[in-house]
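Here are the chains, one letter per residue:
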Amino acid sequence: MPAILAKKLGMTQRFMEDGKVERVTVLEAGPCPVTAVRSHDADGYEAVQLAFGATKEKALSKPELGHLRKAGAPPMRHIVEFRDEAGELKVGDTVTVESFEVGMKVKIAGTSKGKGFQGTIKRHNFAAGPKS
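Attention in this report is confined to the structure presented alongside it. (Residues numbered from 1 in each chain as written. Predicted model: local features only at pLDDT ≥ 70, side-chain atom pairs only at ≥ 80, totals over all residues. Heavy atoms only, no water.)

## A closer look at the pattern of salt bridges
The following threshold applies: Whenever a carboxyl oxygen of Asp or Glu lies within 4 Å of a side-chain nitrogen of Lys or Arg, that contact is scored as a salt bridge. A run of DSSP states H or I qualifies as a helix once it reaches four residues; a run of E qualifies as a strand once it reaches two. Both are numbered from the N-terminal end. The cut-offs for exposure are 20% and 50% of the maximum accessible area for each residue type, with area from a 1.4 Å probe on protein chains only; residues under the lower value are buried, those over the upper are exposed, and the others partly exposed.
Inspection of the entire model under this criterion finds three salt bridges. The partner of Glu-81 in a salt bridge is Arg-38, with the nearest N and O atoms 2.7 Å apart. With Glu-81 in strand E5 (residues 76-83) and Arg-38 in strand E3 (residues 32-38), the pair connects residues that are 43 residues apart, well separated along the chain. Accessibility expressed as a relative area gives 23% for Arg-38, which makes it partly exposed.

See below:
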């Protein structure tokens, strides 16, 4: 299973040859530069570190910029490690969507929007009373 970072762009549908409608999630996957490769000898575990989501230099700290420059990567917002996915990747390589094949299974993990402190009005669609 190849590792790649992705961003959800939206939902849509597509029509199959037999007329059925299939729900589809549209993802922006890559390009993800390899910023580090963790080895069992040096770090005690094996992993590959990928970056995703272009950003401006001023949005990152100097240590983050230095780490990305050392790998030859542009300023990126997210840096994530994938364990046991290093394979033949080297620092400076770029992982793109071409690493996927049709019908391949992919592990997805996401972050919810977050609703804060819900309360009964938002959670159960109640109405607020007079506020005077």
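## A short note on the side chain of Thr-35
For clarity, the cut-off: Think of a polar contact as two N or O atoms within 3.5 Å of one another; within protein, one of them needs to be a possible hydrogen donor and the other a possible acceptor, and neighboring residues in sequence only count if both atoms come from side chains. By definition in these notes, contact holds between two residues if any of their heavy atoms fall within 4.5 Å.
Following the sequence through the fold, Thr-35 ends up in strand E3. Here the side chain of Thr-35 touches Gln-49 through a polar contact of 2.8 Å, side chain to side chain. The residues contacting Thr-35, other than those within four sequence positions of it, are Gln-49, Leu-50, Ala-51, His-67, Leu-68, Ala-71, Ala-73, Ile-79 and Val-91.

## Observations regarding the layout of surface pockets
Left-over empty space is what a probe sized like a water molecule reveals as it rolls over the atoms. Let me state the cut-off plainly: Residues are called lining when one of their atoms sits within 4 Å of a cavity or pocket point, these points coming from a 1 Å grid over the protein atoms alone, where a cavity is a set in which a 1.4 Å probe fits but cannot get out and a pocket is an open set with protein on both sides within 12 Å along at least five of seven lines. Grid points are joined across faces, edges and corners, and a volume is the space filled by probe spheres set on the points. In the scheme used here, Gly and all other residues not listed as nonpolar or charged are polar, with Ala, Val, Leu, Ile, Met, Phe, Trp, Tyr, Cys and Pro taken as nonpolar and Asp, Glu, Lys and Arg as charged.
In this structure, the second largest pocket encloses a volume near 170 Å³. Taken together, Val-97, Phe-100, Glu-101, Val-102, Gly-103, Met-104 and Val-106 form the lining of the second largest pocket. Partitioned by chemical class, the residues of the lining of the second largest pocket number five nonpolar, one polar and one charged.

## Quick word on the environment of Met-11
Along the chain, Met-11 turns up in strand E1 (residues 6-15). For Met-11, a relative accessible area of 53% gives the class exposed. Between the alpha carbons of Met-11 and Ala-47 there is a distance of 31 Å; along the sequence they are 36 residues apart. Sequence-distant contacts of Met-11, defined by excluding residues within four places in its chain, comprise Val-24 and Thr-25.

## Describing the sheet that holds E3
Within a beta sheet, neighbouring strands are joined by backbone hydrogen bonds and run either parallel or antiparallel to one another. The cut-off we apply is this: Strands qualify as paired when DSSP identifies two bridges or more between them.
Taken together, four strands build an open sheet; the order of strands is E5-E4-E3-E6 and the sheet is antiparallel. In this open sheet, the two strands that pair with only one neighbour each are E5 and strand E6 (94-95). The pairing of strand E4 (residues 47-54) with E5 spans seven bridges and is classified as antiparallel. Following the sheet pairing, Gln-49 is matched in E5 by Glu-81.

## Looking at unusual backbone geometry
We note that Asn-125 has phi near 60°; this positive angle belongs to a residue other than glycine. Mapping Asn-125 onto the fold places it in the segment after helix H3 (119-124).

## So, the packing of aromatic side chains
The test is simple: Note on aromatic contacts: the rings of Phe and Tyr and the six-membered ring of Trp form a pair at centre separations within 6.5 Å, being stacked when their planes are under 30 degrees apart, edge-to-face when over 60 apart, and tilted otherwise. Two conditions define a charge located above a ring, namely a distance within 6 Å from the ring centre to NZ of Lys or CZ of Arg, and an angle within 35 degrees of the ring normal.
Counted by the stated rule, this structure contains zero aromatic pairs. When the ring centre of Tyr-45 is taken as reference, the NZ or CZ atom of Arg-83 above it lies at 4.2 Å.

## Remarks on the pairing of strand E2 (residues 21-29)
For E1 and E2, the ladder comprises nine bridges, and the chain directions are antiparallel. Residue pairing for E2: Gly-10 is matched across the bridge by Val-26.

## Quick look at the environment of Lys-62
Considering the arrangement of structural elements, one finds Lys-62 in helix H2 (residues 62-70). Using a relative accessible area of 74% as the deciding quantity, one classes Lys-62 as exposed. Separated by 34 residues in sequence, Lys-62 and Glu-28 place their C-alpha atoms 27 Å apart.

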